[in-house]
Amino acid sequence: MNRILRSRKLLVAAAVLLIAGALQFTGVNPAASQTVLLVAYESPSNPGLDPQADAWDAVRAVEIPLSAQRGSYAAGGGSVGTVRLKALHHEGRLYVRAEWSDPTENASALRVQDFTDAVALEFPSRAAATVPSVCMGQPDAGVNIWYWRADVNAGATSLAAANPNMHVDGYPFTDDTFLTARGAGNPVAADRPVQTLISHLFGYLTASPVQDAEGKGVRTADGWAVVFARNFKSEGQDHADFAPGTRTDMAVAVWDGANRERDGMKSVSQFITLQVAAAELPGASGGIDARFIALAAILLLGLTGIGIGLAFYGASERSR
């Protein structure tokens, strides 16, 4: 009986090693790790900035849990529980798609009582000496942030349209001499839905002199879907760099304007791992991915062998 138990333990251990080896060989991640690993495969077609582009249909979403920011002032938020991420790359350009549920559309912040929906991605800067604090970096490890705002995405809304009862005498609405923030190059006043920001400490967030991240958002049936895009390499000194076959940390933050969330009041994630794969999106060619065929074959042969082994040992012991 002891021999049978020992033999079964050895066979179970062999099965575990076989499955682990098959997963490693094929690059397939078990379900438990899918919550912390986001893989950007190479897309055969350009996804563009449209969150509803066909290129995203074959990409599996990774659901990332969010919680209220409690690490530093101003703390709060937390109305958005999860965000669903997808990633691709095409011809040296990284694309990340974020989607979350939000029943209210808040795409204007012209009035002091209004706040806009927003989402941001955070990466360690390439100059970081260590893994930065997820809470806006630290002096020796800065972070590069791509920040999308729903109000800028919606386009400029004139003051007259936002305040239909206003009365003015010939105010020049379009002259940068009078629109001083836009004239000074303030990224909040520019017509760019995505701002490229850098930070080395909470409370010291600044706009990067190199604004090279792009993005676009659309309303979905239950919330927002936003695509971010940027070339792998950037001229920004404190920006993140990407390349096929590499990994980097990435965090997400979401603001719900209806909940008056702004600044540090937001829903945030911990760092997850973004892997830029040096392989084409599985199934993009229309056939079954060879890795999954290999995995199925390995598992079938291995489990068949284990079953035969168990039957053999059981029969041999019964005959004694």
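Computed from a predicted structure; not experimentally measured.

S.K.: How should I be thinking about the overall build of the protein in this particular structure?
M.R.: If you tally the helices and strands in the protein, you get 5 helices and 14 strands. Counting only residues that meet the buried cut, the protein has 39% of its 320 residues in that class. Accessible area for the protein stands at about 16,900 Å²; split by element, carbon and sulfur atoms hold 57% of it.

S.K.: Would you explain the side chain of Thr248 in this entry?
M.R.: Position of Thr248 relative to the elements: it lies in strand β12 (residues 246-255). For Thr248, a relative accessible area of 19% corresponds to the buried category. Each residue touching Thr248, except ones within four places of it in the same chain, is listed here: Phe123, Pro124, Phe242, Ile272, Thr273 and Leu274.

S.K.: When you look at the pairing of strand β10 (residues 214-219) in this model, what are you seeing that I'm missing?
M.R.: Bridging between β10 and strand β11 (residues 223-231) involves 6 bridges; their strand directions are antiparallel. Following the sheet pairing, Gly215 is matched in β11 by Phe228. Between β10 and β11, which follow one another and run antiparallel, lie 3 residues.

S.K.: Would you mind going over the packing of aromatic side chains with me for this structure?
M.R.: Centre distance and the angle of the planes are the two values used to describe a pair of aromatic rings. Summed over the entire model, instances satisfying the criterion amount to 7 aromatic pairs. Ring geometry for Trp146 against Phe228: centres 6.4 Å apart, planes inclined by 40°, an arrangement best described as tilted. Of this pair, Trp146 sits in strand β7 (residues 143-149) while Phe228 sits in strand β11; the two residues are 82 residues apart in sequence, bridging distant segments of the chain. Note on Trp146: relative accessible area 0%, which makes it buried. A centroid spacing of 6.0 Å and a plane angle of 75° characterise the contact between Trp146 and Phe242, whose relative ring orientation is edge-to-face. With Trp146 in strand β7 and Phe242 in the loop between β11 and β12, this pair connects stretches of sequence that are 96 residues apart. Here Trp146 matches Phe242 in class, with each residue buried.

S.K.: For this particular structure, what's the right way to read the side chain of Arg93?
M.R.: Mapped onto the elements of the fold, Arg93 is located in strand β5 (residues 93-101). Within polar-contact distance, the side chain of Arg93 engages the side chain of Glu214 at 2.3 Å.

The rules behind each value
- Residues numbered from 1 in each chain as written.
- Predicted model: local features only at pLDDT ≥ 70, side-chain atom pairs only at ≥ 80, totals over all residues.
- Heavy atoms only, no water.
- Helix = DSSP H or I, 4+ residues; strand = E, 2+ residues; numbered from the N terminus.
- Buried < 20%, exposed > 50% of the residue type's maximum accessible area, 1.4 Å probe, protein only.
- Areas by Shrake-Rupley, 256 points an atom, 1.4 Å probe, with all protein chains shown as cover.
- Contact = heavy atoms within 4.5 Å.
- Pairing = 2+ DSSP bridges.
- Phe/Tyr/Trp six-rings, centres within 6.5 Å; stacked < 30°, edge-to-face > 60°.
- Polar contact = N/O pair within 3.5 Å; in protein donor to acceptor, adjacent residues only side chain to side chain.

Purely geometric numbers; function is a separate question.
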